[in-house]
Protein chains: 2
Amino acid sequence: MVNDSEAPANGYVQPSIDVKALAALLDGAYGEIRDLVRANLTQHAEVLEDAERLGLDAFRDRVRDVVVEMAATGQTGMGFPQAYGGGGDVGASIAAFETLAFGDLSVLVKTGVQFGLFGGAILHLGTERHHEAYLPRLITGELMGCFAMTETGHGSDVQALRTQARYDPDSAEFVITTDGEAARKDYIGNAARHAELAVVFAQLEVGGRQEGVHAFVVPIRIDGAPAPGVRIEDDGRKMGLNGVDNGRIWFDQVRVPREALLNRFADVTADGTYRSEIENPGRRFFTMLGTLVQGRVSVAGAAVNASKVALTIAVKYASRRRQFTAAADGEEQLLLDYGTHQRRLLPLLARTYALHFAQDVVRTQLHEVFSRPQADDLARRELESRAAGLKALGTWHATRTIQECREACGGAGYLAINRFAALKADSDVFTTFEGDNHVLLQLVTKGLLTHHASEFENLDQRGMVRYVTALALDTIIEKASVHKLLERVRDLLPGGDQWDQEAGLLDSEYQLAMLRFREEHMLAGLARRLKRGMDQGGQPGAVFSQVQDHVIAVASAHVERLVLEAFVERMRQLPDGDEKVALGLLCDLFALSTIENDRAWFMEHGRLTAQRSKAIHREVNDLCRKVRAIAVDLVDAWTIPAPMLRSPDLLG
Amino acid sequence: MVNDSEAPANGYVQPSIDVKALAALLDGAYGEIRDLVRANLTQHAEVLEDAERLGLDAFRDRVRDVVVEMAATGQTGMGFPQAYGGGGDVGASIAAFETLAFGDLSVLVKTGVQFGLFGGAILHLGTERHHEAYLPRLITGELMGCFAMTETGHGSDVQALRTQARYDPDSAEFVITTDGEAARKDYIGNAARHAELAVVFAQLEVGGRQEGVHAFVVPIRIDGAPAPGVRIEDDGRKMGLNGVDNGRIWFDQVRVPREALLNRFADVTADGTYRSEIENPGRRFFTMLGTLVQGRVSVAGAAVNASKVALTIAVKYASRRRQFTAAADGEEQLLLDYGTHQRRLLPLLARTYALHFAQDVVRTQLHEVFSRPQADDLARRELESRAAGLKALGTWHATRTIQECREACGGAGYLAINRFAALKADSDVFTTFEGDNHVLLQLVTKGLLTHHASEFENLDQRGMVRYVTALALDTIIEKASVHKLLERVRDLLPGGDQWDQEAGLLDSEYQLAMLRFREEHMLAGLARRLKRGMDQGGQPGAVFSQVQDHVIAVASAHVERLVLEAFVERMRQLPDGDEKVALGLLCDLFALSTIENDRAWFMEHGRLTAQRSKAIHREVNDLCRKVRAIAVDLVDAWTIPAPMLRSPDLLG
């Protein structure tokens, strides 16, 4: 869409976007599966209205039916081996899940629970006997299951959960018991109504010895009634996602055979001997949990796509809605021509594009790690860190974007038919489930600290320390390491003391250097604070707690740097042309609005003068005006099926 | 609650709060009516569960019943004259409404629609004939009405609405007609099901002349069916507030008698002559609208109290929930002892207290203006500006606070029984109704600009220009005025160039000077930009649109300054004692976290060094630790009836 009348005077020419070409670029290698999901969403579009129309249990059953019907098209089984009826393509399974987030999010989360959490646990923690017994029927949705990890008393701190699984050698059975009210399983999707099986995480006791958290397959429902010794309670109505039947489960001496242990990483012999190839219990625990990284990658991508739905509605509405008179001729002005309206929506649009490309990177990493026969510890750790970080930033982005878009559509945005009600209520818990965002960002920072430590101090033999929740800080933040970190910060500057004064604001090397400088400087500062705290005799956990805000800030800075790198890298691969120019505007807008948001920090740390800070503000305004001219094309390129947007009055 | 073990070493002694005394201080002069509302809320507590349990229409009827039952206690009629069965105390009516926000917000909004909007329009825009005909029955809730102002095509720009009311002198009737689909009335509370009457805002035409927007009493429903010529459509399900029956209304040549015009400010004689004591049409329009300022004051107070509900749950939960091990003894740490958790909740707690005291000021102003027999233009304008600004900042604060508190309660916060689901969904539209926040803040800034202009340039005779939406900028921003504004900024500094370097961070004069400097500097900068735009030949509306982000920033800065002044002023009136010490902590925390949030601006404008900015960050952390020790007492002092909090698992 070229609009000559708005072309600035400095020779800049507004790009003209080929929407189909941009859409193909965005869909990438997974256009086929994404189009299948789009078709399935359109076919089942009426589920969006059912969410308002049906009662609680009727809607839950409706969502179950939709999930099973979608499963029959092959959409939800892409991540399972072909031998069991799956598609054998992990990347495609993530792409399918991301695309599903254009539609009703109960369908999305029910799909995630059944095929990602329950199916994923059977696949990755189980062995052939479990695969043969369960995979073929769970891939079709005939066998429904749930993933019983979270407990009321311990949401984020899985290692501390208190459900017990004692091995009884006489009967060769495990005895599963809920140890106290805080140990009840809670918020378990599929538990209140549909699941026959549960993968239950419990503290394994063998021969009087505690062996840590392990997973067991436990029947919880037989012919619709709770299995003997199992008590199930409905979590009831929730803010959203009411098509998912969350519930609580208690186990009272429930006996399952020895083979119910998902035994890929550890097993118990018939006579009651515990065996594992992974000696360190902490490492074993995190290796098990690590196989579940798919869930975080999936939620990150889903959050980005839920943001796209909100932005599509708000941008298209603002491009046709007129309000108040601004021009001399008395005609009312389009909302999207107001500077504040651009400021409200377009940096969010740019960040959504940035997160989209960052998601491409993490999905590709996931695909590679899980398609390899042998585990590569370093690649896994990098994947886990990136997944945790993107999940946190992506889901906060969704919460913020959906809220801003609702407000930008005024009172109309409040009506259920206009989609924001469900989007907002359903996506709200994304910031909490699959790992609370604050906890995830702390994991990211702990990883960075240990990564540096091992890089500089050759601590490989103790590298797994990063997996220990109560971080062994004394090991990590030795003086030498802090010293090296500070050196690294100096080395980062691309040359000369004035690098940040002279570079052009639209130079992506400048933008990257700013985000790299921030990350490294924050990390070094954090290491220094930790060391000081330890030197003064503080307990590691207490010291870490005291600097928690720095910990969160480091992780955010790290992830934003990764996101910008992903965007810049993608840009560099593109052939010259209008799409590249358009994406370049978005990349600049993302980078500069990110720096602008944290400009106080850059000024505090001598990397931004007051004058240059104001120049960035003006540049962001200018970029908003340029992006405004192509904003409708940019949201159209996401190719969200029209029935998913609803909003008849807003979209005309 | 004194906790000696946490007392810092510098001699500071943690205050010990007398919760009852603090509660009485907060309730102020309206303890009696607030306690009545608390009792009524407790009596009807089950409506909170009905919101989840009942279908749409059943819940709407239930809410109507609760409102009528509350009306019978005198709670909702405080703002009406005693002669008609009211309480004759405007301030008490606002206090009652604020307190009602502790409970189900559909009950609150239905109350606001019936007694505030509908009843308020009859009272303030009508004359004795309307009062006698309607007030006694509407005060009891026997006669239900709605307030039909907003149209689909024009939400915020009321002057542009397009419903027509033509006077027919032959029959001495007005003929009301919806002129095109964009002119349908929309989102009208009480319209879809319960209202018999509507106060309809329409463009009055008398003898072929357009006389601007006026209000008419129009029967829309007779014995449950739409009146002849009236079409009503249900707005259907909304994100929240589903106990309020919002709807759309179309009028097709609906005839009402001449006496249906609410004729306090203008009238039409039987022979078809238009008469008004207010000659200027713009001034007439805004005088009519001005009587509706109560709605904004009410919503501002309700938003603050809805925030209190969320904070009470989150703070009390965090004071008993343990998560992760930090101490050496292996005991898990309380959430509220984590630095980030304090950072997430306690500045919001301080801001809630600050907004509470600012609400006291605006409620008092409202009471005084509306209790006086004669209008005082200046006092009215100040009230309207303050009400608009507090409504915007208060409702955004509620949206943000409720979201943060939900996330701080993790997955449990997502369950409907734990209150956040309803709080979040119901309060979401507060930022939009009774004036969209962005539009309101623009009004605030326009008022500031004209205030300065008239103050310096003796433009009193043209003072009402501020009421014109397309602001007459050329009048306002004459060179002299800009010059004077800049002088004022210099005069503001409390002495010496180093004032902001040497003052103590906890000196409230320093804090106030910082917020005053920011406001005046921003305002002067805006005036300069406007002048430059006009000098370059821009159209006033277009120039104003281009600097819209500055316009919003000025208004926010202005309102934050008013809020801090209200808090500091209240502090100064208090006798010495522990409550004063406690409120002093909150006042400092509010002031410094406000400066911290905008520290980039202060650095850009030379009023904060990097070093001092970091010192403020540390001071905020320190204040959070001090407030943490008394946080539970501080939320208890709000005296929210326990059944309003629900959350059995969170609160134990």
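Parameters at a glance
Residues numbered from 1 in each chain as written. Chains lettered and ligands numbered in written order. Predicted model: local features only at pLDDT ≥ 70, side-chain atom pairs only at ≥ 80, totals over all residues. Heavy atoms only, no water. UniProt positions renumbered as here; feature names shortened; annotations may be inferred. Helix = DSSP H or I, 4+ residues; strand = E, 2+ residues; numbered from the N terminus. Buried < 20%, exposed > 50% of the residue type's maximum accessible area, 1.4 Å probe, protein only. Contact = heavy atoms within 4.5 Å. Least-squares fit on C-alpha atoms with pLDDT ≥ 70 in both. Pairing = 2+ DSSP bridges. Axes fitted to C-alpha atoms, helices over the stretch in contact; angles between N-to-C directions. Left-handed = near helix turned anticlockwise from the far one by under 90°. Nonpolar A, V, L, I, M, F, W, Y, C, P; charged D, E, K, R; others polar. Buried area = accessible area lost by both parts, 1.4 Å probe. Salt bridge = Lys/Arg side-chain N within 4 Å of Asp/Glu carboxyl O. Domains from an automatic or database assignment. Phe/Tyr/Trp six-rings, centres within 6.5 Å; stacked < 30°, edge-to-face > 60°. Lys NZ or Arg CZ within 6 Å of the ring centre and 35° of its normal. Core = buried A, V, L, I, M, F, W, Y, C linked by side-chain atoms within 4.5 Å. Expected span 1.5 Å × (residues − 1). Patch = residues over 30% accessible without salt bridge, like charges linked within 9 Å, V, L, I, M, F, W, Y side chains within 5 Å. Areas by Shrake-Rupley, 256 points an atom, 1.4 Å probe, with all protein chains shown as cover. Lys, Arg positive; Asp, Glu negative; His and termini not counted. Charge placed at Lys NZ, Arg CZ, Asp CG, Glu CD.

Under an unreviewed UniProt entry, the name given to chain A is Acyl-CoA dehydrogenase family protein, and the organism recorded is Streptomyces polyasparticus. As stated in UniProt under Cofactor (unreviewed entry), the record for chain A gives "FAD".

On a plain count of helices and strands, chain A comes out with 25 helices and 15 strands. When the 652 residues of chain A are sorted by exposure, 63% land in the buried category. Put simply, 75% of the contacts in chain A that link residues at least 6 apart link residues at least 24 apart.

A few words on the relation of the copies chain A and chain B. Mapping chain A onto chain B leaves a residual RMSD of 0.0 Å; the transformation is a rotation of 180° accompanied by 0.0 Å of translation along its axis. When the rotation and shift are considered jointly, the pair of chain copies conforms to a two-fold rotation axis. For chain A, the residue whose C-alpha comes nearest the rotation axis is A:Ala600, separated from it by 2.1 Å. The share of interface residues of chain A whose copies in chain B are also at the interface is 100%, consistent with both copies meeting through the same surface.

Moving on to the sheet that holds strand E9 (residues 230–234) of chain A. Strand pairs in the sheet, formed through backbone hydrogen bonds, run parallel or antiparallel to each other. All names here are of chain A. The strand order E4-E10-E9 describes an open sheet built from 3 strands, whose pairing is antiparallel. Every other strand in the sheet has two partners, leaving strand E4 (185–188) and E9 as the edge strands with one partner each. The average undirected angle you get between the axes of adjacent strands in this sheet is 20°. With 2 bridges joining them, E4 and strand E10 (residues 247–251) adopt antiparallel strand pairing. Across the sheet, the residue bridging to Ile-188 is Gly-247, located in E10.

This part takes up the packing of helix H2 (residues 31–43) of chain A against helix H5 (residues 90–100) of chain A. Residue and element names in this part refer to chain A. Remark: H2 packs on H5, axes separated minimally by 9 Å, with the N-to-C direction vectors making an angle of 35°. Read as a crossing pair, H2 and H5 show a hand that is right-handed. Touching Ile-33, Arg-34, Val-37, Arg-38 and Leu-41 of H2 are Ala-92, Ala-95, Ala-96, Glu-98, Thr-99 and Leu-100, all from H5. A per-class count over the contact of H2 with H5 returns 7 nonpolar, 1 polar and 3 charged.

Here the focus is the UniProt feature "domain: Acyl-CoA oxidase/dehydrogenase middle" (unreviewed entry) in chain A. As annotated in UniProt, the feature "domain: Acyl-CoA oxidase/dehydrogenase middle" (unreviewed entry) corresponds to residues 146–254 of chain A in the numbering used here. For the annotated span residues 146–254 of chain A, helix accounts for 0% and strand for 49% of the residues, and the straight-line distance between the end C-alpha atoms is 17 Å.

Right, let's get into the sheet that holds strand E10 (residues 247–251) of chain B. Residues and elements named next belong to chain B. Pairing in this open sheet of 3 strands is antiparallel, and the strands run E4-E10-E9 from one edge to the other. If you trace the sheet from one side to the other, it starts and ends with strand E4 (185–188) and strand E9 (230–234), each paired once. Across this sheet, the average inter-strand angle for adjacent strands is 20°, counted without regard to direction. Looking at chain direction, E9 and E10 are connected through 5 bridges and run antiparallel. Bridge pairing in E10 places Arg-231 opposite Trp-250.

Turning to unusual backbone geometry, a few remarks are in order. Residues and elements named next belong to chain B. Of note, Leu-241 is a non-glycine position whose phi angle comes to about 55°, a positive value. Structurally, the position occupied by Leu-241 is in the loop between E9 and E10. Phi at Gln-253 is positive, roughly 55°, even though this residue is not glycine. Tracing the sequence through the fold places Gln-253 in the loop between E10 and strand E11 (254–257). Among the residues examined, Gln-253 registers a relative accessible area of 49% and is labelled partly exposed.

Here we come to the interface of chain A and chain B. At the junction of the two partners, chain A supplies 74 residues and chain B supplies 75 residues. Among the residues chain A hides against chain B, the three largest losses belong to A:Met239, A:Tyr414 and A:Glu604. Together they make up 13% of the total. Inspection of the chain A/chain B interface yields 10 salt bridges. For the salt bridge of B:Asp649 with A:Arg184, the shortest nitrogen-to-oxygen distance reads 2.8 Å.

The buried fraction of helix H12 (residues 420–427) of chain B amounts to 7 of the 8 residues, a majority that puts the element mostly inside the structure. All of the buried residues along H12(B) are B:Phe420, B:Ala421, B:Leu423, B:Lys424, B:Ala425, B:Asp426 and B:Ser427. On its buried side, H12(B) packs onto helix H12 (420–427) of chain A together with helix H6 (105–125), helix H9 (293–318), helix H11 (377–408) and helix H24 (648–651) of chain B.

Next up on the list: the domain arrangement of chain A. Residue and element names in this part refer to chain A. Domain parsing of chain A yields domain 1 (19–140), domain 2 (145–269 + 276–281) and domain 3 (294–636). Facing 26 residues of domain 1, the contacting portion of domain 3 comprises 33 residues. Summed over both partners, the interface of domain 1 with domain 3 comes to about 2,400 Å²; 68% of that surface belongs to carbon and sulfur atoms. Elements represented by at least two residues in the side of domain 1 that touches domain 3 include exactly helix H1 (19–27), helix H3 (47–53), H5 and helix H6 (105–125). If one sorts the elements of the side of domain 1 that touches domain 3 by residue count, H5 sits on top with 8 residues. Grouping the amino acids of the side of domain 1 that touches domain 3 by side-chain chemistry returns 16 nonpolar, 5 polar and 5 charged.

If you check UniProt for "domain: Acyl-CoA dehydrogenase/oxidase N-terminal" (unreviewed entry), the listed places come out as residues 33–142 of chain A in our numbering. Within the segment residues 33–142 of chain A, helix and strand shares are 71% and 0% respectively, and the terminal C-alpha atoms sit 22 Å apart.

Right, let's get into the packing of aromatic side chains. Residue and element names in this part refer to chain A. The full count for this structure, using the stated rule, is 20 aromatic pairs over all chains. Between Phe-430 and Phe-433, the ring centres sit 5.3 Å apart and the planes meet at 25°, which makes this aromatic pair stacked. For Phe-433, a relative accessible area of 24% gives the class partly exposed. The rings of Tyr-353, Phe-357, Phe-567 and Trp-638 are connected pair by pair, giving a single aromatic cluster. The residue whose ring lies beneath Arg-380 is Phe-370, and the NZ or CZ to ring-centre distance is 5.2 Å. Here the guanidinium or amino end of Arg-612 rests over the ring plane of Tyr-510, the centre of that ring lying 4.6 Å away.

This part takes up the side chain of A:Asn621. Its place among the elements puts A:Asn621 in helix H22 (residues 610–628). Aside from chain neighbours lying at most four places away, what touches A:Asn621 is A:Arg343 and B:Asp549.

Following the criterion strictly, the structure yields 100 salt bridges over all chains and no others. Notably, a salt bridge pairs A:Asp428 with B:Lys424, separated by 2.2 Å at the nearest N-O pair. Highlighted residues: A:Asp428 in the loop between H12 and helix H13 (437–457) and B:Lys424 in helix H12, drawn from two different chains. Neither residue differs from the other here; A:Asp428 and B:Lys424 are each classed as buried. Residue B:Glu181 is joined to B:Arg184 by a salt bridge in which the shortest nitrogen-to-oxygen separation is 3.3 Å. Relative accessible area serves as the criterion here: at 6%, B:Arg184 is assigned to the buried category. Shared partners join several salt bridges into a network, and the residues in it are A:Asp27, A:Arg34, A:Asp35, A:Arg38, A:Glu98, A:Asp360 and A:Arg363.

Our focus in this paragraph is the nonpolar core. In terms of nonpolar packing, the biggest core is built from 373 residues, with A:Tyr353 and B:Tyr353 touching the most fellow members. Non-local contacts of A:Tyr353, meaning those with residues more than four positions away in its chain, are made with A:Leu22, A:Leu26, A:Phe567, A:Leu583, A:Leu586, A:Leu634, A:Ala637 and A:Trp638.

This part is about the pairing of strand E2 (residues 163–168) of chain B. Residues and elements named next belong to chain B. Note that E2 and strand E3 (residues 173–178) share 6 bridges and pair antiparallel. Among the inter-strand pairings, Gln-164 is bridged to a residue of E3, identified as Thr-177. Taking the residues between adjacent antiparallel strands as the criterion, E2 and E3 are bridged by 4 residues, where Ala-172 takes a positive phi near 55°. Sheet topology note: the E2/strand E5 (residues 197–206) ladder contains 3 bridges and is parallel. Paired with Ala-165 across the two strands is Leu-204, which belongs to E5.

Our next topic: helix H20 (residues 578–597) of chain A. The first and last C-alpha atoms of H20(A) sit 28 Å apart over 20 residues, in line with the 28 Å expected at 1.5 Å per residue. In terms of burial, H20(A) is a largely internal element, 16 of the 20 residues being buried.

To continue, consider a positive patch on the surface. Together, A:Arg528, A:Arg529, A:Arg532, B:Lys614 and B:Arg618 give the surface a local cluster of positive charge. The element contributing the most residues to the positive patch is helix H17 (residues 508–535) of chain A, with 3 residues. Here B:Lys614 is to be found in helix H22 (residues 610–636). Among the residues examined, B:Lys614 registers a relative accessible area of 31% and is labelled partly exposed.

Residue and element names in this part refer to chain B. The side-chain alternation of E11 yields one buried face, formed by Val-254 and Val-256, and one unburied face, formed by Arg-255 and Pro-257. Inspection of the sheet shows E3 paired to E11 by 4 bridges, in the antiparallel sense. Bridging across to E11, Phe-174 finds its partner in Val-256.

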